[in-house]
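# Working through the structure, step by step
Residue-level listing of the chains:
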Amino acid sequence: MAKHAPEGKRGSELEPNQFCCSVCLELFKDPVTIPCGHSYCKFCIEGCWDQNEEKGLYSCPQCRLVFSPRPVLCRNNLLAEVLEMLKKTNTQQVFPSFSEATAATAAEAGADAEAFASPGDVACDFCCDTNPNKATMSCLNCVASYCPSHLQPHHSVPVLKKHQLVSATVPLQEKMCSKHNKLMEIYCRTDRKCICYLCVIDQHKSHNTVSAAAEREEQQKQLTVNQKKVQERGKEREKELTALLEVLKDFKKCSQTSVKTSSKIFGELISSLKKNCTSLEKLVEAQEKKEVAQAEGLQLQLEEEISKLRKRDTDLEQISHVDDNIHFIQTFQSLSASCESPDVPNGSVVRPKHTFKAVAHRISELKNEVEGLVKKRWPSITAEVSSVKVLLQPGPKTRQEFLNFCCPLKLDENAVSKNMTLSDLKATCKTQQTRSYNSSYRDYSYVTTRMTSVEQIWCIEALTKQCYWEVSLSGYTWCVVVSYKDKSGASSYHSEFGKDDRSWSLECSSNGCSFRHNNQSINVSGSKLSKIGVYLHYLEGILSFYSIHGSSMVLLHRVDTTFTEPLHPCIGFKDDKSQQGTAYYAELVKNWS
């Protein structure tokens, strides 16, 4: 029938895509048909199957039907005759080559030049070359991935246009059920995994299942929520980054200023030492000049007197040989007078033990003292340097995190009120009744001895770092405190904490709680408290009080200040006349090992 149909009529009814190989996308050359019914160029299908020779499995590039053993290829004579008839017509006008159509479509779509698939890319299943092109789309109906060239039939062939295309982001094999080799189009909410439709009637029979599209829609809503959270978090992080850059800038500036200031101070110290050295040199030179002048004056006197004594000795020697008695007597009388100078007493030259060596010794002592002072102070200076941080580490949030900063404490036996008794970490006091005899009534009576208005106990440790401790308390009005030691070195055991600027006190009673410092009081929410946690970050000037209930913590009050002296943990009690005869105690909770 094809032979007798008018050529114009025949040409107008034929579509060029019907006579193109889906592998090379050109008109069939030596067409063959495989057992599933699809036709290819003999060279193209043999090239595809040659790549699977080792596996021994041969599939159709279109329907993916697998054959084994390798089918024998037979020429499709009818298709070859139709192609021969088409070649006799003006094929360039009626049937433009599919590659030209592909190029035109790609140009219109702005498609980029195809690239070979790298190891991390999804390769095109229809490229028969050694280096297949990178696949851009995958067809869920054909279960195959295509590069832009081999994807064109899905844009032009009416049947293929209905197929579902997705981006080729992952190999299709990852979307296939490993058990049934079917596309996983179902989502099992029970097992939270994707499955195929055969799994639904198998091991997931009674499970809650929905289509992958329905689950995608549900998770898309959650994605929107998560995305909003991520965006908000991103804005927060951007603010933190801006703040960090500002802090870093200030930190570097402060660091440079500190180096310059330290260098200036050391320079001033060195200059001062040099001035002292110069002053000492001048002082030594002046003393040397003064003493040498005095010694040289004595030297001249001694030399002059020695000269006189030598002359006198000569004269006496000469007169001893004179025969004239009268002359001898007259001359000797004049020579018998003393010729010594009264300003130069005998024994005037005494070598002193004290010399300039003692000065050098004193300088050596000064050097040792300075070096000792530097050695003593240097660890605290380096500690100050090491404690400077560009950012403060996030403070503890949970009780377990607070316990990481526990510091061992010990009650000071020498800093406790006389009415308090100590036992390890516990201080106890109790009102006592004393028995007295009344002679008027000849009877015994009991007198209640109460505690003084204020009872206190201090800890030995002086805190200058980051630390945490807990106190368990019972009875009367009590307060948990941190305080400087009195300037005199002693503690005032009968003055209330918080009445000066040297103590910070959390005070609680049956009427409520309050925080007191520098004689100013602030009400704090909290009642019937029995255990208090205290967190101190000395360098940052942070002091926080917490109410402890099991593992939970409630912030009662926080102080942000600057500490200038070491802090001592303290505990105070006041008798509010509410619990006569009742023991009260304070105990440090031992959370350290």
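This text follows the structure it describes.
Now for a quick tour of the structure. Remember, predicted model here, so these are calculated numbers, not experimental data.

Our next topic: the side chain of Asp412. Counting through the fold element by element, Asp412 comes out in strand 12 (residues 411–416). For the buried Asp412, no salt bridge is present, and the opposite-charge side chain at shortest range is Lys485, 4.5 Å distant. If we ignore the near neighbours within four places in the chain, the residues touching Asp412 are Leu422, Trp458, Cys459, Ile460 and Lys485.

The subject of this paragraph is the sheet that holds strand 2 (residues 39–41). Here we have three strands laid out as an open sheet, ordered 2-1-5, and antiparallel in their pairing. Two strands lie at the open edges of the sheet, namely strand 2 and strand 5 (74–75), each paired on one side alone. Here strand 1 (residues 31–33) runs beside strand 5; their pairing, made up of two bridges, is antiparallel. Bridge pairing in strand 5 links Thr33 to Cys74. Of the strands in this sheet, strand 1 and strand 2 touch helix 2 (residues 42–50), which is tilted by about 95° from strand 2.

What follows is about the packing of helix 10 (residues 212–319) against helix 12 (residues 356–387). With their axes 12 Å apart at the nearest point, helix 10 and helix 12 run at an angle of 170° to one another. By the criterion of interaxial angle, the relationship of helix 10 to helix 12 is roughly antiparallel. Across from Phe266, Leu280, Val284, Gln287 and Glu288 in helix 10, the residues of helix 12 making contact are Phe356, Val359, Ile363 and Trp378. For the contact of helix 10 with helix 12, a count of residues per class yields seven nonpolar, one polar and one charged.

Next up on the list: the pairing of strand 17 (residues 454–459). Most of strand 17 is tucked away: six of the six residues are buried. The two faces of strand 17 match: Val454, Gln456 and Trp458 on one face and Glu455, Ile457 and Cys459 on the other face are all buried. Sheet topology note: the strand 17/strand 26 (residues 568–574) ladder contains five bridges and is antiparallel. Bridge assignment links Glu455 to a residue of strand 26, and that residue is Phe573.

About the cut-offs
Residues numbered from 1 in each chain as written. Predicted model: local features only at pLDDT ≥ 70, side-chain atom pairs only at ≥ 80, totals over all residues. Heavy atoms only, no water. Helix = DSSP H or I, 4+ residues; strand = E, 2+ residues; numbered from the N terminus. Buried < 20%, exposed > 50% of the residue type's maximum accessible area, 1.4 Å probe, protein only. Lys, Arg positive; Asp, Glu negative; His and termini not counted. Salt bridge = Lys/Arg side-chain N within 4 Å of Asp/Glu carboxyl O. Contact = heavy atoms within 4.5 Å. Pairing = 2+ DSSP bridges. Axes fitted to C-alpha atoms, helices over the stretch in contact; angles between N-to-C directions. Parallel < 35°, antiparallel > 145°, perpendicular 65-115°, else oblique. Nonpolar A, V, L, I, M, F, W, Y, C, P; charged D, E, K, R; others polar.

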